[in-house]
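Single-letter residue listing:
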Amino acid sequence: MSSREPFPLTGTTLVLGPSNVGKTTRTARALERWVDTHGPAGVVVLDFAPELRRGDRVLGGRLDRVTDLLTDESEGVTLGERTTVTRPNGVWYGVLDAHAPRAASECEADAVALAAENAAGAARLLDHAPADPHAVFVNDATIALQHPTGRVDRLLAYCAGATAAVLNALESDELGVDDAVSRQEQTALAALVAGADRVVRLP
């Protein structure tokens, strides 16, 4: 399937690619297509993307930057440290105020500690997510899985329970390969690929 064609909104689709190639935008368009066709009932969005500014460039970026569907004035509920849920336009929107472990750390131990915080926050969001979703959209999935406490099996099982799930993740060595966070990320990415019904790679 061409990376430029819309993919079917059935089963689990994994959108991969390096930074700044449109993974988040592609996921947002899929979310909009689903809501246009089926409405917002049962739609769950899990947004794990960190936002780290480097000069004029933002590393990562949440879905609400690229779709108006998630930007209404819905009041948020804080679940715990760095985790918030809102219901913009009837969509369950769980946001992790995520760290960018490798980019924000000066040593490997600090990066691992930040990855552990991300994994804990993501687990908290999954704990509170609706139990029977119709459609699930996950932005920057591997941010939740860069530490051994991140449960890729749990995330995949949650997505498998929905009619459609769209996840995106970084597939690149641009942030490193030979450190604990990167190695764990590669393990998680392989599991996500194995668990997806289709993989869309963006150039």
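Above this text is the structure in question.
Conventions adopted
Residues numbered from 1 in each chain as written. Predicted model: local features only at pLDDT ≥ 70, side-chain atom pairs only at ≥ 80, totals over all residues. Heavy atoms only, no water. Helix = DSSP H or I, 4+ residues; strand = E, 2+ residues; numbered from the N terminus. Buried < 20%, exposed > 50% of the residue type's maximum accessible area, 1.4 Å probe, protein only. Contact = heavy atoms within 4.5 Å. Core = buried A, V, L, I, M, F, W, Y, C linked by side-chain atoms within 4.5 Å. Lys, Arg positive; Asp, Glu negative; His and termini not counted. Salt bridge = Lys/Arg side-chain N within 4 Å of Asp/Glu carboxyl O. Polar contact = N/O pair within 3.5 Å; in protein donor to acceptor, adjacent residues only side chain to side chain. Pairing = 2+ DSSP bridges. Axes fitted to C-alpha atoms, helices over the stretch in contact; angles between N-to-C directions.

Engineer: Residues and numbers for the environment of Gly61, please.
Structural biologist: Summarising the element assignment, Gly61 is placed in the loop between strand S4 (57-59) and strand S5 (77-80). What makes Gly61 buried here is its relative accessible area of 8%. It is 25 Å that separates the C-alpha atoms of Gly61 and Ala109, two residues lying 48 residues apart in sequence. Ignoring any residue separated from it by four or fewer positions in sequence, one finds Gly61 in contact with Thr24, Ala49, Pro50, Glu51 and Asn139.

Engineer: Tell me about the nonpolar core, and please be specific about residues and values.
Structural biologist: In this structure, Leu46, Phe48, Val136, Val138, Leu155, Leu167 and Leu192 are the most contacted members of the largest nonpolar core, which totals 32 residues. Taken together, the elements giving at least two residues each to this core come down to strand S1 (11-17), strand S2 (43-47), strand S7 (92-96), helix H2 (108-128), strand S8 (135-139), helix H3 (152-160), strand S9 (164-170) and helix H4 (180-195). A per-element tally of this core places H3 first, with five residues. Residues within four places of Val136 in sequence aside, it is in contact with Val44, Tyr158, Cys159, Ala162, Ala164, Ala165 and Val166. Of all hydrophobic cores here, the second largest spans 22 residues; its members include Leu9, Val91, Val95 and Val166.

Engineer: An account of unusual backbone geometry is needed here, citing residue identities and associated values.
Structural biologist: The phi dihedral of Asn20 is positive, around 60°, even though this residue is not glycine. Despite not being glycine, Asn89 shows a phi value in the positive range, around 55°. Secondary-structure assignment places Asn89 in the loop between strand S6 (83-86) and S7.

Engineer: Give me the lowdown on the environment of Thr24, citing residues and values where you can.
Structural biologist: Mapped onto the elements, Thr24 comes out in helix H1 (residues 23-38). Spatially, the C-alpha atom of Thr24 lies 9.2 Å from that of Ala49, the residues being 25 residues apart in sequence. Apart from residues lying up to four places away in sequence, Thr24 is in contact with Gly61, Arg62, Leu63, Val66, Asn139 and Asn168.

Engineer: Now, about the side chain of Arg198: what can you tell me, with residues and values included?
Structural biologist: Tracing the sequence through the fold places Arg198 in strand S10 (residues 198-201). Buried charge Arg198 goes without a salt bridge, the closest partner of opposite sign being Asp197 at 5.8 Å. In this structure the side chain of Arg198 is engaged in a polar contact, spanning 3.3 Å, whose partner is the backbone oxygen of Pro8. Apart from the residues within four sequence positions on either side, Arg198 is in contact with Phe7, Pro8, Thr10, Thr12, Thr13 and Leu14.

Engineer: How would you sum up the sheet that holds S6? Please name residues and give values.
Structural biologist: Spatial ordering of the open sheet is given by S5-S6-S7-S2-S8-S9-S1-S10, a layout of eight strands whose pairing is mixed. At either margin of the open sheet sits one strand with a lone partner, and together these are S5 and S10. Taking each pair of neighbouring strands and ignoring which way they run, the sheet shows an average axis angle of 15°. Along the sheet, H2 makes contact with S2, S5, S6 and S7, crossing S7 at roughly 165°. H4 rests against S1, S9 and S10 of the sheet, and its axis sits at about 140° to S1.

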